[in-house]
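Fold and geometry: a report
What follows is the residue order along each chain.
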Amino acid sequence: MSKSDGHKFEGVARVLRERRTIHYFSQTSPPSEIITQAVDLARWAPNHHRTEPWHFYLLDRATGRRISDLNADIVAQEKGCKVAEIKRKRWAEMPGWLVVSCEISDEDLRRREDYAACCCAVQNVALYLWEQGIGLKWTTGEVTRDRRFFDLVGMSYDKVYVVGLFWYGYPASVPPQHRRPLQEILTHVVSRTS
Ligand SMILES: Cc1cc2nc3c(=O)[nH]c(=O)nc-3n(C[C@H](O)[C@H](O)[C@H](O)COP(=O)(O)O)c2cc1C
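Reference entry: report on the structure contained in this document. Quick caveat, the model's predicted, so the values are computed rather than measured.

**Concerning the overall build of the protein**
Assigned secondary structure in the protein consists of seven helices and four strands. Traced from its N-terminal end to its C-terminal end, the protein shows the element sequence α-α-β-α-α-β-α-β-α-β-α. Along the longest, intermediate and shortest principal axes, the C-alpha atoms of the protein span 65 × 40 × 35 Å. In the protein, which comprises 194 residues, the share counted as buried stands at 26%. Put simply, of all contacts in the protein between residues at least 6 apart along the chain, 82% involve residues at least 24 apart.

**Comments concerning the site of the ligand**
Around the ligand, the structure places Arg20, Thr21, Trp138, Thr139, Thr140, Gly141, Gly164 and Gln177. Taken together, the residues that form the shell around the ligand break down as one nonpolar, six polar and one charged.

**Some words on the sheet that holds strand 2 (residues 96-103)**
Pairing is antiparallel in the open sheet, where four strands are placed in the order 1-2-4-3. Where the open sheet ends on each side, the last strands, each with one partner, are strand 1 (54-59) and strand 3 (135-139). Put simply, the sheet's adjacent strands are angled 25° from each other on average, direction ignored. Note that strand 3 and strand 4 (residues 160-169) share five bridges and pair antiparallel. Within strand 4, the position partnered with tryptophan 138 by the bridge is phenylalanine 166. The strands touched by helix 2 (residues 32-42) are strand 1, strand 2 and strand 4; relative to strand 1, the strand with the most contacts, the crossing angle is about 175°.

**Looking at helix 2**
Turning to helix 2, its buried residues number three or more, namely Ile35, Ala38 and Ala42. The buried residues of helix 2 occupy one face: seen down the axis, they fall within an arc of 55°. With respect to the buried face of helix 2, the exposed residues turned more than 90 degrees away are Glu33 and Thr36. Structurally, helix 2 contributes buried residues whose contacts are with strand 1, strand 2, helix 5 (108-131) and strand 4.

**With respect to the packing of helix 2 against helix 5**
The description of two packed helices rests on the angle between their axes and on the distance between the axes. Direction vectors running N to C along helix 2 and helix 5 enclose 140°, while the axes themselves pass 8 Å from each other. As the angle between them shows, helix 2 and helix 5 are arranged oblique. Handedness of the crossing formed by helix 2 with helix 5: right-handed. Contact with helix 2, carried on its side by Gln37, Ala38, Val39, Leu41 and Ala42, involves Ala121, Asn124, Val125, Tyr128 and Leu129 of helix 5 and no other residues of that element. Split into classes, the residues belonging to the contact of helix 2 with helix 5 amount to eight nonpolar, two polar and no charged.

**Focus: the nonpolar core**
Grouped together as the largest cluster of nonpolar side chains are 36 residues, with contacts concentrated most on Leu98, Val100, Cys118, Leu129 and Tyr168. The set of elements that each furnish at least two residues to this core consists of helix 2, strand 1, strand 2, helix 5, helix 6 (147-153) and strand 4. Setting aside residues no more than four positions away along its own chain, leucine 129 makes contact with Ala38, Ile134, Leu136 and Tyr168.

**Points about helix 5**
Along its 24 residues, helix 5 runs 35 Å from first to last C-alpha, staying within 8% of the 34 Å computed at 1.5 Å per residue. Of all the residues in helix 5, the buried ones are Asp114, Ala117, Cys118, Ala121, Val122, Val125, Ala126, Leu129 and Trp130. Two residues or fewer after helix 5 comes glycine 133, characterised by a positive phi angle close to 85°.

Scoring rules and cut-offs
Residues numbered from 1 in each chain as written. Predicted model: local features only at pLDDT ≥ 70, side-chain atom pairs only at ≥ 80, totals over all residues. Helix = DSSP H or I, 4+ residues; strand = E, 2+ residues; numbered from the N terminus. Buried ≥ 20, exposed ≤ 12 C-beta atoms within 10 Å, placed from the backbone. Contact = placed C-beta atoms within 7 Å. Near = placed C-beta within 6 Å. Nonpolar A, V, L, I, M, F, W, Y, C, P; charged D, E, K, R; others polar. Pairing = 2+ DSSP bridges. Axes fitted to C-alpha atoms, helices over the stretch in contact; angles between N-to-C directions. Arc of directions from axis to C-beta. Parallel < 35°, antiparallel > 145°, perpendicular 65-115°, else oblique. Left-handed = near helix turned anticlockwise from the far one by under 90°. Core = buried A, V, L, I, M, F, W, Y, C linked by C-beta atoms within 7 Å. Expected span 1.5 Å × (residues − 1).

Below, the structure written as structure tokens:
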């Protein structure tokens, strides 16, 4: 990277630092072209053995509502109807719905690496959208492992698993976050051999 690219790098650093998980969105749905562009960029994520194990499902609001109903049914079994109804209402109001799946591999190491690759792809999406003023919330609730969820989205239960269900939209608010300081997570390793 040349010196003249310095300002771009600062731009990337800022997006990395400032991206936040968004819990509350405005009701306006972002243009679908921006989401498509984000998925197009996700393809460039690193993936070992070039397995490209991901698939992206961009859902319409009607499918989102059906998932909200399914989730409410699951929640009702465990936490009762009142909690389920609150969830149904909150979920049904989510302006954008994206599901990311990963292929199931028979091999342990490949399974781990494919999941890692999918997470890299998700981060590409998240960072690009954030730069466009759009936030994401990553969810991995029980509904994402339910066979009926796979049917609603059109995924094969035997061939893929869900990396996440993502809600996206323009943030109504951006929550603060905290990270441990650099010195707690960074160790400089210096060779001890002469
Ligand atoms: C694999 C994965 C699963 C997640 N699942 C959930 C979830 O089910 N519900 C939720 O509220 N946040 C979920 N998150 C988002 C994290 O809670 C969030 O990233 C964390 O609180 C840090 O906030 P930040 O993204 O604003 O830095 C998930 C994140 C990852 C990486």
